[in-house]
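Observations on the model geometry
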Amino acid sequence: MSSILELKNLSFIYGIKTPFEKKAVDNVSLSINKGEFIGIIGHTGSGKSTLIQMLNGLIKPTEGQVLFNGEDIWQNPKDIRKIRFKVGMVFQYPEYQLFEETVYKDIAFGPTNMGKTVQETDAAVKKAAEFTGLNFNLLQKSPFDLSGGEKRRAAIAGVIAMDPEVLVLDEPTAGLDPVGREVLLSQIVQYHKKRKNTVILVSHSMEDIARVADKIIVMSKSRLVMFDKTREVFSRGRELEKIGLRVPQITKIMLELKECGYDLPSSVLTVDEAFSALSSLLKKEGKIW
Ligand code: ADP
């Protein structure tokens with residue numbers, strides 16, 4: 001598999017050479033392959049937002065390099081704008097960035113800026129609206145007349161419309177009700193399946209990450225402490241607890257049963273997996289047939 005993003009000894013310091021100097025990202029190196037779904041977890045203040053802002057050149061690393069398809073994104077600083085179309089960024093509460101008269105114009109903003117024709121832009125807007133489950137008859141409304149969930153979809157559609165090779169989402173379901181969260185998460189999964197693009201999702205929900213991510217980046221105190229397959233990361237529950245993170249609840253229950261001596265797998269990620277692991281254990285012990 002070829003890597004789409006490679007981070008080499010990446011560091012970022014805020015307020016460099018001032019009394020407020022703070023190293024927010026400390027010497028992070030990792031490689032993300034094309035088409036992977038990556039989760040990022042870590043406490044507030046662990047460096048997640050700073051790290052993702054370096055992926056599309058919003059901030060320039062104090063040290064180290066970000067390679068996109070093998071090329072240093074800062075090689076030619078004049079071209080840095082182009083990387084923002086390739087690595088699309090959905091910030092927390094992105095609906096605050098809606099500003100056009102209509103939802104249509106808001107979603108069209110990115111593709112228009114990229115120099116796409118009116119027809120290409122129109123097709124991109126409609127496809128993005130479809131991906132995010134935004135009803136077409138909302139497109140001519142003012143973004144301010146939409147509900148909270150619809151505004152969120154419109155903002156995400158604005159990034160998807162640029163057809164980025166990598167889509168980065170920072171807590172996209174924050175503040176939505178449980179149904180809204182579930183629907184949006186499923187749409188992101190569908191988007192990943194259909195477009196086969198790379199998706200990077202920052203989330204505080206271990207349950208969500210367990211369901212969707214192929215691999216997880218774990219940040220703690222500005223450093224990368226784990227980067228591995230989801231199952232591997234969540235099998236290290238005790239280490240995660242030490243840095244103040246938790247594993248999904250179902251993983252924890254199964255881990256505790258295993259520690260009590262039951263013959264169970266070391267990393268169970270979903271309720272369905274737990275059900276089949278427990279069923280086969282009970283069958284083995286002759287408790288059910
Ligand atoms: P996270 O996204 O994991 O919450 P951040 O990347 O936002 O972490 O923050 C990492 C560290 O950098 C924290 O200590 C935070 O206080 C500090 N920090 C973040 N943004 C700024 C800023 N604009 N100026 C100074 N320090 C900042």
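Throughout what follows, the structure given in this document is the object of discussion. (Residues numbered from 1 in each chain as written. Predicted model: local features only at pLDDT ≥ 70, side-chain atom pairs only at ≥ 80, totals over all residues. Heavy atoms only, no water.)

Brief notes about the site of the ligand
Put simply, the test is: Summary of the distance rule: residues count as near a molecule or strand when at least one heavy atom falls within 4 Å of that molecule or strand. The definition of a polar contact used here is a pair of N or O atoms within 3.5 Å, where within protein one atom must be able to donate a hydrogen and the other to accept one, and adjacent residues in sequence count solely through side-chain atom pairs. What sets the accessible areas is the Shrake-Rupley method with a 1.4 Å probe; for residues, cover comes only from the shown protein chains. Secondary structure follows DSSP: runs of H or I at least 4 residues long count as helices, runs of E at least 2 residues long count as strands, and numbering of each begins at the N terminus.
Near the ligand you find Tyr 14, Lys 22, Ala 24, His 43, Thr 44, Gly 45, Ser 46, Gly 47, Lys 48, Ser 49 and Thr 50, and these make up its full shell. At 3.1 Å from an oxygen atom of the ligand is found a main-chain nitrogen or oxygen belonging to Gly 47. The side chain of Ser 49 places a nitrogen or oxygen atom 2.7 Å from an oxygen atom of the ligand. If the ligand stood free it would expose 560 Å²; the protein chains cover 61% of that surface. Listed by contribution, the elements that provide at least two residues to the shell around the ligand are strand S2 (22-33) and helix H1 (48-55).

What about the sheet that holds strand S10 (residues 223-229)?
As a reminder of what qualifies: Criterion used throughout: strands pair if DSSP finds at least two bridges between them. Here the axes come from fitting lines to C-alpha atoms, over the contacting stretch only for helices, and the angles between their N-to-C directions go from 0 to 180 degrees. We call two residues in contact when some of their heavy atoms are within 4.5 Å.
Reading across the sheet, the six strands line up as S6-S7-S8-S3-S9-S10 and stay open at both edges, with mixed pairing between neighbours. This sheet does not close on itself; its edge strands, each paired only once, are strand S6 (87-90) and S10. Neighbour-to-neighbour, the strand axes of this sheet turn through a mean angle of 15 degrees, independent of strand direction. Taken together, the six bridges between strand S9 (residues 215-220) and S10 define a ladder with antiparallel strand orientation. Across the sheet, the residue bridging to Met 219 is Leu 224, located in S10. Against the sheet, helix H5 (residues 148-160) touches S6 and strand S7 (166-170), its axis set at about 170 degrees to S6. Contacts from helix H6 (residues 178-195) reach strand S3 (37-42), S7 and strand S8 (198-202), with the element oriented near 155 degrees to S8.

Remarks on the packing of helix H3 (residues 103-113) against helix H4 (residues 118-131)
Stated formally: Oblique is the label for any angle not covered by the other classes, which are roughly parallel (under 35 degrees), roughly antiparallel (over 145) and roughly perpendicular (65 to 115). Left-handed describes a crossing whose near helix is turned anticlockwise from the far helix by less than a right angle; the clockwise case is right-handed. Residue polarity follows a fixed list, in which Ala, Val, Leu, Ile, Met, Phe, Trp, Tyr, Cys and Pro are nonpolar, Asp, Glu, Lys and Arg are charged, and the others, Gly among them, are polar.
Two elements in contact, H3 and H4, have axes separated by 9 Å at closest approach and are oriented at 125 degrees. On the basis of the axis angle, H3 is oblique to H4. The way H3 lies across H4 gives a crossing that is right-handed. Across from Tyr 104, Ile 107, Ala 108, Pro 111 and Thr 112 in H3, the residues of H4 making contact are Thr 121, Asp 122, Ala 124, Val 125 and Ala 128. Of the residues in the contact of H3 with H4, the class split is seven nonpolar, two polar and one charged.

Remarks on the pairing of strand S1 (residues 3-14)
Pairing geometry for S1 and S2, over eight bridges, is antiparallel. When the sheet's bridge partners are listed, Ile 13 is paired in S2 with Lys 23. Bridge count between S1 and strand S4 (residues 63-68): five bridges; the pairing is antiparallel. Across the sheet, the residue bridging to Leu 5 is Phe 68, located in S4.

Brief notes about unusual backbone geometry
Residues other than glycine seldom take positive phi values, yet Asn 9 does so here, at roughly 45 degrees. Its location among the elements puts Asn 9 in strand S1. Within the chain, Tyr 93 stands out as a residue other than glycine whose phi angle is a positive 45 degrees.

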